Amino acid sequence: MLENAPQLTLFDSLPVLTETPAPQPSILTRSARVWLPKRVLFTPDALEEEFGQQMFERISAAGLPIEILKSNRITGLRGADERETYRNAKNTLAVVKAPPSAFRLQPIPPSADWQMNLAEGCPAHCQYCYLAGSLQGPPVVRAYANLPQMLQNTAQYEQAGKLTTFEVSCYTDVLGIEHLTGSLAECIRYFGTREGAQLRFVTKYDQVESLLDLPHNGQVRARISLNAEPVTRRLEGGTASLEARLRAMRQLALPREQGGGGYRVGAVLAPIMPIPDWRDHYRHLLDRLAATLDFECDLTAEFISHRFTPGSKDVLQQWYPNMSLDLDETTRAQKRNKFGGVKYVYQPEEMRTLKQFFYQEWQQRFPQAPVLYWT
C-alpha cells in the first residue's frame, strides 16, 4: 500500500510561520478501509479463553483464514529486511493471552490515571507512528483473549471517592480492530457498570455504528484524533479522512433520542505540526469541528505537539524510507524523562507560539469545553 507513495515535500522545511492565506481544502469524506489481515494466528492458550472463542467466531464469520499455532509463541514474521518485516507484521493479527505483566497497570498522566491495553500493534500506517521503537519485535497486532479478566483487574486500581480513568488506546487503534475482536465493546459494557471509573479511548477510524447502542452510562469518553487536513491526508495512511472522523464524532456525541450514542467525546489534536500555512489549516479544522458539534455535548480537548526519539526515528526511516517528514534533531530541543531517555520536541519559543494559538482559537469556539493538557 505504501511502497509507491509519493514524495511528501510538504514538511521539508519545518518550522514555517508564514501568514500567507492558504486555500481551503476541498471536503472529502472517505471512510477508513476495513482492515482484513492476510494472516490470523491463534495461540492454544488464547483458544482456552471464552472471549478468545468469541473472537474466533467473529473472525471466522469474516471469512478470514485462521491458523492455530502449535505453541504460544508468535514466529515467522521476519522478512529479508525491516521493510518486509513491517509488511508481514502489518498484515497479521495474532490472538494471544496477555502475560501477567499486563495486569500490573502503569500510570499514564496526563492522558489518564492508568494504562490498560486490550491489544498491542496498530493496523494504520501513520508515518510519524508513536509506537515505532516502543513495542518489542515486529509490529504485529496482538489482541488479548483474556480481556474480561484484565477488566476485572482494574477494580483494584479504582480510588474510593475519586473518578479513576483508564486509557486503552496507548498501543493500538481500538476501533481499527474492533470488527474482528469486539474488544472495545467488551470494555464499554464493563465500564458502563463502574460508577467510580471511566474508560477513555481514541481513534482515527470512523466505523462507530456498533458502539452507538452500547450501555456506556456516561462512563466512557470517546475521543477522535484530528489534525490539519494535509497531515491527515499525507501522513496517516489507512485511516479515515478528516470529514469522516468528524462525522463519526458527531454520531458518538449526539443524544440517543437523535440517533447518536450519547457519549462524552474528546478532540485529540495530534501531532500538531507547524506546516506551511499552519494557522489557516488548523483554523479550518477547528471551524469544521465547531460546525460538526453544533449541539450541546460534553467535549474536551487534548493538544499534543509532534515529537520523536532517536529510536523511533531509526525505525520510522526503515518502515518508510521515502518519507520526508522532518526528523532533524538539530532544529529541535531535547526533553529528557526521569530515566534519562531523550525526546526531540519543538524549540521553546516555537512551542509557546503554538500553544498560545491553540488555546486562544479553542476558547473562541468552545468556551465551555476544557483543554485537558498541552504536551
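Refer to the structure above for everything that follows.
### As for the overall build of the protein
Regarding its fold elements, the protein presents 11 helices and 17 strands. Its C-alpha atoms give the protein a radius of gyration of 20 Å, within 12% of the compact-globule value 21 Å for 375 residues. For the protein, the C-alpha atoms occupy an extent of roughly 60 × 55 × 40 Å along the three principal directions. Counting all 375 residues of the protein, 55% fall into the buried class. Across the protein, contacts joining residues at least 24 apart in sequence account for 78% of those joining residues at least 6 apart. Here the protein contributes 41 positively and 41 negatively charged side chains, and the mean placements of these two sets differ by 3 Å.

### Here we look at the sheet that holds strand β3 (residues 92-96)
Pairing is mixed across the open sheet formed by 5 strands, whose spatial order is β2-β1-β3-β8-β6. Both outer strands of the open sheet, β2 (66-68) and β6 (119-120), are each paired with one neighbouring strand and no more. In the sheet, strand β1 (residues 39-42) pairs with β3 via 4 bridges, with the strands oriented parallel. Bridging across to β3, R39 finds its partner in T92. Contacting β1, β2, β3 and β8 (141-144), helix α2 (residues 50-61) crosses the sheet at an angle of about 160° to β1.

### Some details on the side chain of Q115
Its place among the elements puts Q115 in strand β5 (residues 112-115). Look at Q115 and you get buried, because its relative accessible area is 16%. A polar contact of 3.4 Å, which involves the side chain of Q115, links it to the side chain of N117. Q115 has contacts with L105, Q106, I108, E167, C170 and Y171, leaving out every residue within four places of it along the chain.

### Topic: the nonpolar core
Counting residues in hydrophobic clusters, the biggest one holds 115 residues, and the most contacted among them are L226, F358 and W362. Ranked by residues supplied to this core, first place goes to helix α8 (residues 242-253) with 7 residues. For L226, the contacting residues outside a window of four places in its chain are L242, R245, L246, M249, A267, V268, L269, A270, L285 and L289.

### Observations concerning the sheet that holds strand β11 (residues 220-226)
If you trace the 8 strands from one edge of the open sheet to the other, you get β4-β5-β9-β10-β11-β13-β14-β17, paired in mixed fashion. In this open sheet, the two edge strands, each paired with only one partner strand, are β4 (106-108) and β17 (371-374). Each neighbouring strand pair of the sheet contributes to a mean axis angle of 25°, computed without reference to strand direction. Across 4 bridges, the pairing between strand β9 (residues 164-167) and strand β10 (residues 197-203) is parallel. What sits directly across from T164, in β10, is A197. Contacting β11 and β13 (264-272), helix α9 (residues 278-292) runs over the sheet at an angle of about 170° to β13. Helix-sheet contacts for helix α11 (residues 348-365) involve β13, β14 (299-305) and β17, and the interaxial angle to β17 is about 170°.

The rules behind these values
- For every chain, the first residue of the written sequence is number 1, and numbering continues from 1 onward in sequence order.
- For this predicted model, a pLDDT threshold of at least 70 governs which residues receive local features, and a threshold of 80 or more governs which side-chain atom pairs are given and counted, while totals over whole chains, interfaces and linings are taken from all residues.
- Side-chain measures were taken over the full set of non-hydrogen atoms in the model, leaving aside hydrogen atoms and water.
- Secondary structure counts use DSSP, requiring at least four H or I residues in a row for a helix and at least two E residues in a row for a strand, with both numbered from the N terminus.
- The quantity called the radius of gyration is restricted to C-alpha atoms. Its globule counterpart is 2.2 Å times the number of residues to the power 0.38.
- Burial classes: relative accessible area under 20% of the type maximum marks a residue as buried, over 50% as exposed, and values in between as partly exposed (1.4 Å probe, protein chains only).
- The contact rule is simple, with two residues in contact once any of their heavy atoms fall within 4.5 Å.
- In this tally Asp and Glu are treated as negative and Lys and Arg as positive; neither His nor the chain ends contributes.
- To locate a charge, take atom NZ for lysine, CZ for arginine, CG for aspartate or CD for glutamate.
- Whether two strands pair comes down to DSSP finding at least two bridges between them.
- Note on definitions: angles span 0 to 180 degrees between N-to-C directions of axes, and those axes are lines fitted to C-alpha atoms, for helices only across the stretch in contact.
- Residues adjacent in sequence count toward polar contacts only when both atoms are side-chain atoms; beyond that, a polar contact is any pair of N or O atoms within 3.5 Å, and within protein one must be able to donate a hydrogen and the other to accept it.
- Among the buried residues, those of types Ala, Val, Leu, Ile, Met, Phe, Trp, Tyr and Cys that are joined through side-chain atoms within 4.5 Å form a nonpolar core.

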